[in-house]
Structures are given as C-alpha cells and as structure tokens.
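Reading the structure
Below, each chain spelled out in residue letters.
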Amino acid sequence: MDARTFLQLLVNGTMVGGVYGLMSLGINLVWGVMGVVNLAHGDVIMAGGFLAFWLFTRFGVNPLVALPIGIAAGLCLGILVQRFLLGRVPPDRGAVKTSLLMTFGVSYVIINGAQLLWGNEFQTVMFLGGSWHVGGLDFAKTRVIAFAAAGFISVSLWAFLQYTFTGRAVRAVSQHPDGALVCGIDIPRIRVLTFGLGSALAAAAGVLLVMIFAISPSMGTGYTVRSFAVTVIGGLGSFPGALAGAVMLGLAEVFTGYLFSAQIANGIAFLLFLAVLLVRPQGLLGMKRV
Amino acid sequence: MATRDARGDRVAVRIRIGWAALAVGIAVVAVLPFFASDYLVGFFFTTFLFVSMAYGWNLVSGFTAYVSFGQMSFFGIGAYTLAILVSRNAWPWPIAVLAGTATAAVLAVPLGWAMLRLRGPYFALGMLGLTQVLAMVASAWISVTRGGEGIYLPPEATLRQLYYAGAALVAVAVVVTWAVDRSAFGLRLRSIGEDELAAEAMGVDTTMAKLASFVLASTFPAMAGGLYAWRLSYIDPASAFPAGYEVQTILMAIFGGAGTVWGPLIGGFLFTAVGEVLWAKFAEVHLLLFGVMILIVLLFLPEGIIPLLRRRRMRRRAPVGPAPIREEAA
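Since the structure is predicted, the reported quantities are computational estimates derived from the model, not experimental observations.

This paragraph deals with the overall build of chain A. Secondary structure assignment for chain A yields 11 helices and 2 strands. Going from the N terminus to the C terminus, chain A shows its helices and strands as α-α-α-α-β-β-α-α-α-α-α-α-α. Relative to the compact-globule value of 19 Å for 290 residues, chain A shows a C-alpha radius of gyration of 19 Å, a close match. A burial count over chain A gives 53% of its 290 residues as buried.

This is how it looks when you write it as structure tokens:
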C-alpha cells in the first residue's frame, strides 16, 4: 500500500465514520436516558434509507430534502413506540428484559414492513456522481455531503442538549433519574421525547447512508450492532467518544475491506465491540458506570 | 379442615388428569406416523424442532435474566457440523447429529465465558452480533463451508426417522428442564435471574451456573440444526442461521411462559397450530405477525399462559384468607 492509497482510505474511512457517528448518537441517547438498547435501531436506519430511496425514485426528491422528512417520520415512529409499547412496561426488575424483547419485536415489524413496501433488493440513491480532487485525493461528492450533514445534525443535537431547557432535562434524567424527578422533570415525557429523538437520528443517518451504500431490508441488524459498537467503543454518554469510536470503526472497515475482504469488514464492528468490552468495559473515553 | 381435604383431593385429581394427558400425548406422538399423512408428520417434526429450541432458550433466558437473541448461532453450528461430516467424511447421520451437538457445546464454553461477562443490553447485542458473525464466517470460509454455494447432502433420511429423533429431542428437553427446575442448580439460576448481586453474596458461583446453563442451552438448537439440515439435505449460510427462527423460538417460550417447565411445550404447540393456519394465508407477512404477536404477548400476557393458569387456580383455591402474593414479573 503506497502513501496515496493510505491517505485515500483514511479519507474514505473518516467520511463513513461521520455517518456512523450520527447513527450511534441515537442509540447512545436512548440508552443513557432509559437504560435500554433499541434493537430496532438499525431497522429504523434502514427504513429511513428506503424512505429517501422511494422519495427519490418516485418523486425525484433530493435526499437532502428527504432528510427533514425522514427525521419527522423517525420522530413520529419513536414517539409511538415509546408511548404505546415501551412506556407501558411496568418499571420492575424485568423491565430491561421486556423492553429488549419489545424492540426485538418492533425490529421484525419494520423489516417485514420494508420488504412489503420496497421489496427485498439492494437499493441506493444515485443523485450525485463524481468527486472533488483536493491535493491528489478523491473526495466523493456524496460522501462529503453526507459527512457534512451528519456533522451538522450532531452539532445541533449537542447544542440542543447543552443549551435548551428540554435538552438539559434529558441529560438530567440520564444522569440521575431520581434527582431529575425531585426537580420536577416529567420523566415519562422526557422518555417519549428521547426515544423519538433516537429514532429521528437513526432515520436521518439512514437517509445519509443510502447516498453512500446500497441497503436492503434485512441488513438493519448489522447497523444496530455497528451503532452499538460505536457507543461501546467511545463510551456511553460521551460525544467526543462517540465521534472517535465512529471514525475508528469507519477506518477499520475501510482498511480491512481493502486489505482482506468486504465480508470481514462487515464483521469488524462486532470484533471491536467484543474486544473493547472485554478489555475496557467503560469504553475508550467513557466514564465508569456505577 | 374439611375444605382443605377437599382441596387436596381436587389437586390430586388435577395431577392425575395431568399425567393422563401426558400419557395420551406420548401415545399419540408415538403412533402418529403410522396413519398420518406426510404433511402432518412433517408439520409435527418442525414443531418438535421449534419446541426443543424454545426449551433451549428457556434454560438460559427464562431462568436467568440473560436474554439471548443468538441461539441460532448454535443451530448453525449444529447444521454445518453435520453437513461437513456427512458430505466430506461420509459419517452416518445420527452420529453426525450428535457430533454437531458436541461441537456446539464445546464452542459454547469459550463463547459463553466471553458473552456472560456482559450483562443486560451488552449481552443481548453480543449474542445478536454473534449469529451475524457466524453467518459471515460461513459465507467467507469457502474451503470448509463452500460459502454461499452451500453444501448438498445425499437425501437418505426418511421422514419417520427424523420425526422420532425430533420427538426424542423434545422429550429430553422436557426432562432436562424438569430436572433443572427441581434442582439446586435451577434454584441458583433463578436467583441469578432475580438478583445476580444478591445471589453472589449468598455464595452462588454465578459464573459457573450461568456458563453451565449457557452450554446446556446450546445443545438443543445445535441438535435441532442438525436434524433440520438432515431434513433439508442442503445447507447454506441463510438456511443455517435463519433470523426468523430466532424470533419464533423466543415467541413460543414467552407465549407459554418463560422459566416454566411446560411453557415452551404448550406455547410451542398452540403457537404452531395457530400459525400453520395463519402462515399459509399470510406467508409474506409472517415476520411482521411474529413481531406483532411478541408485542401483544408482552403487553397483555407478560408471564405467558402457564403462570396465568396457575394464578387462576390459586385464586379459585383460596376464597378466604390473605390474597396470594402476586409474583413479580421476572
């Protein structure tokens, strides 16, 4: 591998990593606030991608215009799931188990729904070809746009959590539910909002992802594992960690894909996830959980 | 005191009815292949596979609180071991099935050691990822598994042989679960499910107990996978690691009652009987229906059928005195 190839892979991996970062933020947020992982997260990503695909092929809608539509759809879906399913789980010791099983059920509903609506084939959105050449390297236009959009959404989320009253309430619930309750925060409402936000972020990531890769209804689980792996690598509740983890995963996939095969690249997320959990359970940049 | 005796009699009658139903069930299963159509025998064979896998899931996820979404990993290991041994080394079928089961159990030791250090969502995601990675290994390791091309097997088995093998597997699953349920080992597993930290503080070697249940639970899907490959006479990554089977297995176990001895059996049979009618009509949406049914069971029947019946009976039996303590949902 010469230096140019190396740098090119570095660029490609970082671009993909940006979208992975956005992908993982949803799972990170929901996990932090509710202590539950949404096993349907990857399927929402996939559904967001297919929504963009459908809007593009059917109505010629630019994926960047589809982005807010996808976000709105994901938000609604998340709110409904939390309001009518997860929110009804009695908060006892079995709650985590029941919630996991529920999101597992939701996952199959979305997979099968997507198969019925959009078929079982791999699809992608080819709305912009070519690339920009900077310093002898190729920057594929779609990747740059996806990276920038992912960055913009991530920064907006960060600002929302940091500076708005509701965002602070979300963080408060994540840090100390009892304390938040004492301060008068309506925890069920925050949970509905958080789960909605999580799905919205997943759908947004899906819209961006379908510009870069081809997707099919059955690949959602792979993205759930990837999002979770990024969260584990970076550490729960850490924004810089999530970004570092995402870029690390993007790079690892691109490099193993180049050096070995695409199939091994698909499994690298799981191996990283397992390695980090066994060696440093709190994540590379995360704080230790009680 | 009189009422108590009457109550005791009623319980005795009920137990006798239970044994009688079991005896009739075994007799029907034993003679069925002699007069039923191939379709019906095949249907029962498939049901046996699912019921035994539901028992496997029940052992690890019903007793302890570790929800496994990756039991199909062992199904695939069993299926592939059988296919490789039969196609390359021409092993006889029954021995290859047992070898597949043993392989899965041996592999379950290091896998369980790594996975069971994870808890809650970590464990769930770990197991979910494991099946995916194994399916990938199966398609990438072409020299052994022939990758996506798959392995064709000589169709030697008769349906009747498979049927009895499946029935035996279910019988073993029931007996093992029954024995575990009554043993100190079962109690240890339940204590882990209730509160792992407290169990550990009480002196339970939680790591050993969890690992033992994990390994034990891996053998049932592995054997089911071997029988399945035998029936199909063909195996490829998609059929060895079928995602839809995972959800169906879990659904049967929680429908019947997770952590009970008879739940997977009753849940499994009721479910497939209803399913056989439904899936034939709505083949395209069967995954969606599974998903919706999981949600419905969790919302309205979170403990499954068996605990529901048991509680009903308790209520009828105790008209006076303090109300029975409501079991906490586990």
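Time to look at the pairing of strand β2 (residues 137-140) of chain A. Residue and element names in this part refer to chain A. As defined by bridge partners, strand β1 (residues 131-134) adjoins β2 across 4 bridges and the pair is classed as antiparallel. Bridge assignment links Ser131 to a residue of β2, and that residue is Ala140. Counting the residues that bridge the hairpin from β1 to β2 gives 2 residues, and of these Gly135 lies at a positive phi of roughly 60°.

This part takes up the interface of chain A and chain B. Contacts between chain A and chain B engage 39 residues on the former and 37 residues on the latter. Of the residues forming the side of chain A that touches chain B, the biggest block, 15 residues, is contributed by helix α4 (residues 95-118) of chain A. The residue inventory of the side of chain A that touches chain B, partitioned by class, reads 24 nonpolar, 11 polar and 4 charged.

With that settled, the discussion passes to helix α10 (residues 206-232) of chain B. Residue and element names in this part refer to chain B. Over its 27 residues, α10 extends 39 Å from the first C-alpha to the last, a length consistent with the 39 Å expected when each residue adds 1.5 Å. The element α10 is extensively covered by neighbouring structure, given that 20 of its 27 residues are classed as buried. Positive phi appears at Ser233, one or two residues downstream of α10, with a value of about 50°.

Residue and element names in this part refer to chain B. Two numbers describe how helix α2 (residues 38-62) lies on helix α13 (residues 263-281): the axes approach to 9 Å, and their chain directions differ by 140°. Between α2 and α13, the angle falls in the class oblique. Here α2 and α13 pass one another in a crossing that is right-handed. Contacts between α2 and α13 involve Phe43, Thr47, Phe50, Val51, Ala54, Tyr55 and Asn58 from the first element and Gly263, Pro264, Leu265, Gly267, Gly268, Phe269, Thr272 and Glu276 from the second. Residues of the contact of α2 with α13, tallied by class, amount to 8 nonpolar, 6 polar and 1 charged.

Residue and element names in this part refer to chain A. The biggest cluster of nonpolar side chains holds 191 residues, and the ones touching the most others in it are Val19, Ala204, Leu208 and Ala229. Counting residues per element, this core draws most heavily on helix α8 (residues 187-212), which supplies 16 residues. In this view, Ala229 contacts Leu249, Ala269, Phe270, Leu272 and Phe273; residues no more than four positions away in its chain are not counted.

Here we take up the environment of Glu303(B). With respect to the secondary-structure elements, Glu303(B) resides in the loop between α14 (286-300) and α15 (305-317). Overall, the presence of 21 C-beta atoms within 10 Å leaves Glu303(B) in the buried class.

Attention now moves to unusual backbone geometry. Residue and element names in this part refer to chain B. One non-glycine residue, Ser233, lies in positive phi territory at about 50°. Within the fold, Ser233 resides in the loop between α10 and β2 (234-235). Judged by the 15 C-beta atoms lying within 10 Å of it, Ser233 is partly exposed.

Angle between the axes and distance between the axes: these two values describe a pair of packed helices. Here α4(A) crosses α14(B) at 155°, and the two axes come no closer than 7 Å. When the interaxial angle is binned, α4(A) and α14(B) end up roughly antiparallel. Crossing angle aside, the handedness with which α4(A) passes α14(B) is left-handed. Listed contacts from α14(B) to Thr98(A), Leu101(A), Met102(A), Phe104(A), Gly105(A), Val106(A), Tyr108(A), Val109(A), Ile111(A), Asn112(A) and Gly113(A) of α4(A) are Leu287(B), Leu288(B), Phe290(B), Gly291(B), Val292(B), Ile294(B), Leu295(B) and Leu298(B). Taken together, the residues of the contact of α4(A) with α14(B) break down into 14 nonpolar, 5 polar and no charged.

Calculation criteria
Residues numbered from 1 in each chain as written. Chains lettered and ligands numbered in written order. Predicted model: local features only at pLDDT ≥ 70, side-chain atom pairs only at ≥ 80, totals over all residues. Helix = DSSP H or I, 4+ residues; strand = E, 2+ residues; numbered from the N terminus. Rg over C-alpha atoms; globule rule 2.2 N^0.38 Å. Buried ≥ 20, exposed ≤ 12 C-beta atoms within 10 Å, placed from the backbone. Pairing = 2+ DSSP bridges. Contact = placed C-beta atoms within 7 Å. Nonpolar A, V, L, I, M, F, W, Y, C, P; charged D, E, K, R; others polar. Expected span 1.5 Å × (residues − 1). Axes fitted to C-alpha atoms, helices over the stretch in contact; angles between N-to-C directions. Parallel < 35°, antiparallel > 145°, perpendicular 65-115°, else oblique. Left-handed = near helix turned anticlockwise from the far one by under 90°. Core = buried A, V, L, I, M, F, W, Y, C linked by C-beta atoms within 7 Å.

What is shown is where atoms sit, not what they do.
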